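The primary structure of each chain is shown beneath.
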Amino acid sequence: MKPSQLPWRWLLFGLLAVLILGIALIPRLIGDTSRFGDRVAAELSSWTGGEVKFTGPVLISFFPDVSVRGELELTDSSRLPLMQSLIAKEAKISLDLVDLLRGRVTIDTLRLLEPKITLREGAWPGASAAQAPQALIANLLTGAPVRVLHVRKGRIALSHAYGGSIREIYAHFDAGEETGAVSGFGSFAFRDVTVRYSLESGSPTAAADAESLPVTLTITSKPIRAKINGTASYAGELKLDGDVQAEIDDLRRFLNWVGMDLPEGESLKGFSAAGAFHLAGSTLTFDDGSFTLDGNKAVGLLAVTAAPLPPRIEGTLAFDRLVLDPYLGNGRASAPGAPPAIQGSPFDQSLLRYFDADLRISAAEIDAGAAKLGRGGFTITAKQGAVTSELGELELCGGSAEGRLSVDLARATTPLNLVVNLAGVSLDSCLQPLGFAAPFKGTGGLKAELSTEGSDVAELTRNLTGTIKVDARDGAVPVDFARLLATTAPLDDDGWSRDAASSFDQLNADCSLSAGHIWCQTLSMQTPGGRFSGAGDVDLPKQTLDWSLSVGSRNSAVNSAQQTEEDTPKVSIRGSLSQPMIRRADRPTLGEGSLQTSPMEPQVLPH
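The shown structure was predicted, so the numbers you read here are calculated from the model rather than taken from an experiment.

A.B. asks: Before we move on, can you summarise the overall build of the protein with the specific residues and values?
C.D. replies: The helix and strand tally for the protein stands at nine helices and 33 strands. Of all 607 residues assigned to the protein, the portion counted as buried reaches 38%. At a minimum sequence separation of 6, the contacts of the protein that also span at least 24 residues come to 48%. Carbon and sulfur atoms provide 57% of the accessible area of the protein, an area that totals close to 32800 Å².

Written out as structure tokens, the structure reads:
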């Protein structure tokens with residue numbers, strides 16, 4: 001060995017000797033070690049506001065650090081109000097040597113192996129209105145004697161109603177910065193899904209009567225991915241303000257994962273939210289956010305209150321294009337324990353059965369199945385299954401629609417009330433999307449007040465009651481009146497005429513509904529060939545109709561007052577709604593032996 005290396009060699013040996021001597025003297029410097037574990041437990045008890053004790057043998061080591069090891073139990077923590085108890089299979093508590101030599105117990109690192117946490121059910125003893133969980137947790141984080149916390153294979157026991165336990169909890173939090181900044185990361189498993197998270201916070205600052213600190217939180221899992229950048233503050237209530245970006249591949253599956261227990265359905269699939277938010281208590285508010293749901297994109301205000309149940313959704317949302325297909329034609333069964341859904345219902349009732357809502361929605365374009373609607377807006381108010389929706393000046397079939405719908409989904413036999421007013425709508429463009437092939441045409445309006453009650457669509461149809469008034473102009477009906485009035489034969493089996501419809505200048509009908517029948521007491525239709533009037537009904541459950549029409553005047557040269565009953569041609573329309581039998585009702589049927597006469601001669605009506 002070179003002479004120049006000898007001093008360094010002896011220096012290293014000297015330092016090692018001092019270290020060994022220091023370790024040997026530690027027990028003497030810190031005093032009685034037999035009650036050392038009790039001193040550490042007392043410090044943790046003072047911090048948590050509960051009772052902390054070692055329940056088994058305590059092992060004290062002085063190398064490579066000063067630490068206490070043993071089975072640890074925490075009960076009745078006033079600063080952890082939701083926790084009833086914590087039992088760790090092994091707790092290793094590493095102490096700050098410098099503070100220890102000064103007579104103070106400061107925990108440098110707290111390691112918990114397989115801790116089992118049991119949550120408290122109901123209110124905790126001594127709780128008051130001022131002891132909100134947010135306040136108590138904030139107090140817990142203030143002045144904590146722990147710099148680093150490690151948790152391995154932790155478990156939080158939950159009741160069966162909340163989906164079992166949160167398992168495989170891994171956590172690492174470092175609060176060793178003198179500035180007060182905290183960083184951490186970890187993961188846990190809930191309902192067979194692993195969630196990973198990371199947390200970064202800056203130095204806390206005090207202003208007036210509130211403390212705040214910057215926070216960045218990232219959550220990554222299969223159900224949800226989210227990143228939050230904001231500021232947490234506490235002034236009697238824990239609040240969080242900032243920006244968020246969140247994506248959920250299947251919102252319905254996510255809600256089931258967190259315990260909503262929704263039935264299967266085609267709606268509530270892809271969801272995303274981005275923008276500035278505000279979290280206070282259990283209410284999350286987006287003042288000006290952008291959202292997507294089931295392919296529909298919207299901007300506006302949205303607030304979600306998670307507790308108390310059921311969740312409440314409030315908002316004012318504007319869509320460029322709103323596609324309602326995912327919310328129509330569901331017909332799925334209800335979730336277990338829920339009131340039965342309307343079988344065959346055209347609405348996905350889970351949206352409003354399991355949520356309270358107060359929504360104002362507008363869109364530049366609305367698609368509802370085959371119906372293509374224009375600009376419009378509507379409101380939805382839902383509370384405990386009672387739903388009311390108001391429609392305001394929706395562009396429909398070239399005209400406009402407004403109305404009000406109310407339904408109580410919480411009742412077994414759902415009551416429904418509808419008031420609707422259509423103005424300037426095109427009949428053919430409205431009927432074609434409904435699959436009605438007969439070429440009714442015209443422009444007009446409709447006023448309807450309807451009510452019903454039932455447990456399925458068929459029963460709702462049978463129980464329909466109310467009134468309908470129709471006012472149309474400049475249109476056509478799929479009946480060849482010219483052929484009917486000109487022929488001398490009864491023309492049996494002649495259905496809707498798709499090639500020779502009869503035009504009209506004005507059509508008015510006044511109808512009422514009862515027991516699933518539409519009874520039209522009066523119908524008046526002015527055509528170029530004369531004025532038709534009559535009455536009839538439509539059986540909605542059976543999809544049949546029975547109408548009788550008479551011609552008031554054959555042409556403008558003949559005054560209707562000069563016509564007798566014998567001069568009045570009559571037309572009957574009976575049978576299937578899709579293809580009825582249309583014939584002259586004032587002619588004898590074939591085989592009755594009547595003479596065929598000129599169509600222009602007066603006819604004798606049968607008695």
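A.B. asks: Which residues make up the pattern of salt bridges, and what values go with them?
C.D. replies: The tally for this structure, following the rule as stated, stands at 13 salt bridges. One network of salt bridges, in which partners are shared, links Arg225, Glu247 and Asp249.

A.B. asks: Residue-level account of the pairing of strand β17 (residues 312-319), with values.
C.D. replies: Bridge analysis of strand β16 (residues 296-305) against β17 gives eight bridges, and the strand direction is antiparallel. Bridging across to β17, glycine 300 finds its partner in leucine 317. The turn linking β16 back onto β17 is made up of six residues. Pairing of β17 with strand β19 (residues 356-363), which is carried by eight bridges, proceeds in the parallel orientation. Among the inter-strand pairings, glycine 315 is bridged to a residue of β19, identified as leucine 359.

A.B. asks: Give me the lowdown on the environment of isoleucine 117, citing residues and values where you can.
C.D. replies: Summarising the element assignment, isoleucine 117 is placed in strand β5 (residues 107-119). Residues isoleucine 117 and methionine 83 lie 34 residues apart in sequence; the distance between their C-alpha atoms is 6.9 Å. In contact with isoleucine 117, other than residues within four places in its own chain, are Met83, Ser85, Leu86, Arg155, Ile156 and Ala157.

A.B. asks: Summarise the environment of serine 201; cite the residues concerned and give the values.
C.D. replies: One can find serine 201 in strand β9 (residues 193-201). Using a relative accessible area of 12% as the deciding quantity, one classes serine 201 as buried. For serine 201 and glycine 180, which are 21 residues apart along the polypeptide, the C-alpha to C-alpha distance reads 8.6 Å. Once you skip the residues sitting within four places of it in the chain, serine 201 turns out to touch Ala181, Val182, Leu213, Pro214 and Val215.

A.B. asks: Explain the nonpolar core residue by residue, including any values.
C.D. replies: Counting 64 residues, the largest nonpolar core has Phe481, Met525, Trp547 and Ile573 as the members making the most contacts within it. Per-element accounting of this core gives the leading share, five residues, to strand β28 (residues 502-514). Residue contacts for methionine 525: discarding those within four places in its chain leaves Val477, Phe481, Phe504, Gln506, Leu507, Gly530, Arg531 and Phe532. Counting residues in hydrophobic clusters, the runner-up holds 44 residues, among them Phe62, Val66, Ala91 and Ala171.

A.B. asks: An account of the packing of aromatic side chains is needed here, citing residue identities and associated values.
C.D. replies: For the coordinates displayed, the defined rule picks out five aromatic pairs. Both rings, one in phenylalanine 286 and one in phenylalanine 291, keep their centres 5.3 Å apart while their planes meet at 90°; by these two values the pair is edge-to-face. Here phenylalanine 286 matches phenylalanine 291 in class, with each residue buried. Geometrically, the ring pair formed by phenylalanine 481 and phenylalanine 532 is tilted, given 4.1 Å between the ring centres and 35° between the ring planes. Of this pair, phenylalanine 481 sits in helix α9 (residues 481-486) while phenylalanine 532 sits in strand β30 (residues 530-539); the two residues are 51 residues apart in sequence, bridging distant segments of the chain.

A.B. asks: Can you lay out unusual backbone geometry for me, pointing to particular residues and giving the numbers?
C.D. replies: In this structure, the amide linkage connecting alanine 307 to the following residue, proline 308, adopts the cis form with an omega of 0°. Following the sequence through the fold, proline 308 ends up in the loop between β16 and β17. Leucine 309 connects to proline 310 through a cis peptide bond whose omega is 0°. As for its position among the elements, proline 310 is in the loop between β16 and β17.

A.B. asks: Go over the state of the cysteines with me, naming the residues and quoting the values.
C.D. replies: Per the stated rule, a full pass over the model turns up one disulfide. The partner cysteine of cysteine 511 in its disulfide is cysteine 520, sulfur to sulfur 2.0 Å. With the S-S bond torsion at 90°, the cross-link from cysteine 511 to cysteine 520 turns out right-handed.

A.B. asks: I'd like a rundown of the sheet that holds strand β20 (residues 366-368), residues and numbers included.
C.D. replies: Strand order in the open sheet made by the three strands is β18-β20-β21, with mixed pairing throughout. Taken across any chain shown, the strands that pair with only one partner, and hence form the sheet edges, are β18 (322-323) and β21 (371-373). Pairing geometry for β18 and β20, over two bridges, is parallel. Bridging from a neighbouring strand, leucine 322 pairs with isoleucine 366 of β20.

A.B. asks: Just give me the short version of the environment of aspartate 241, but keep the residues and values in it.
C.D. replies: Along the chain, aspartate 241 falls in strand β13 (residues 238-248). The residues contacting aspartate 241, other than those within four sequence positions of it, are Asn229, Gly230, Thr231, Phe277 and His278. Here the side chain of aspartate 241 touches histidine 278 through a polar contact of 2.4 Å, side chain to side chain.

A.B. asks: Explain helix α2 (residues 36-48) to me, using residue names and the numbers behind them.
C.D. replies: In a regular helix each residue adds 1.5 Å, so 13 residues correspond to 18 Å; α2 covers 19 Å between its end C-alpha atoms and thus fits that length. Turning to α2, its buried residues are Phe36, Gly37, Val40, Ala41, Leu44, Ser45, Trp47 and Thr48. Positive phi appears at glycine 49, one or two residues downstream of α2, with a value of about 75°.

A.B. asks: If you had to explain the confidence of the model for the protein to someone new, which residues and values would you point to?
C.D. replies: Per-residue confidence for the protein gives a mean pLDDT of 78, with 74% of residues at or over 70. Note on residues 589-607: pLDDT under 50 across the span, and 30 contacts to partners over four residues away in sequence or across chains.

A.B. asks: An account of the pairing of strand β23 (residues 386-396) is requested, with residue identities and associated values reported.
C.D. replies: Both strand β22 (residues 376-383) and β23 contribute to a ladder of seven bridges, which runs antiparallel. Within β23, the position partnered with phenylalanine 378 by the bridge is leucine 391. Hairpin connection from β22 to β23: two residues lie between these consecutive antiparallel strands, with glutamine 384 at a positive phi of about 55°. By the bridge criterion, nine bridges tie β23 to strand β24 (residues 399-408) in an arrangement that is antiparallel. Bridged to leucine 391 within β24 is glycine 403. Counting the residues in the hairpin turn of β23 and β24 gives two residues, including cysteine 397, whose phi is positive at 50°.

Procedures and definitions
Residues numbered from 1 in each chain as written. Predicted model: local features only at pLDDT ≥ 70, side-chain atom pairs only at ≥ 80, totals over all residues. Heavy atoms only, no water. Helix = DSSP H or I, 4+ residues; strand = E, 2+ residues; numbered from the N terminus. Buried < 20%, exposed > 50% of the residue type's maximum accessible area, 1.4 Å probe, protein only. Contact = heavy atoms within 4.5 Å. Areas by Shrake-Rupley, 256 points an atom, 1.4 Å probe, with all protein chains shown as cover. Salt bridge = Lys/Arg side-chain N within 4 Å of Asp/Glu carboxyl O. Pairing = 2+ DSSP bridges. Core = buried A, V, L, I, M, F, W, Y, C linked by side-chain atoms within 4.5 Å. Phe/Tyr/Trp six-rings, centres within 6.5 Å; stacked < 30°, edge-to-face > 60°. Disulfide = S-S within 2.5 Å. Polar contact = N/O pair within 3.5 Å; in protein donor to acceptor, adjacent residues only side chain to side chain. Expected span 1.5 Å × (residues − 1). pLDDT = per-residue confidence, 0-100.

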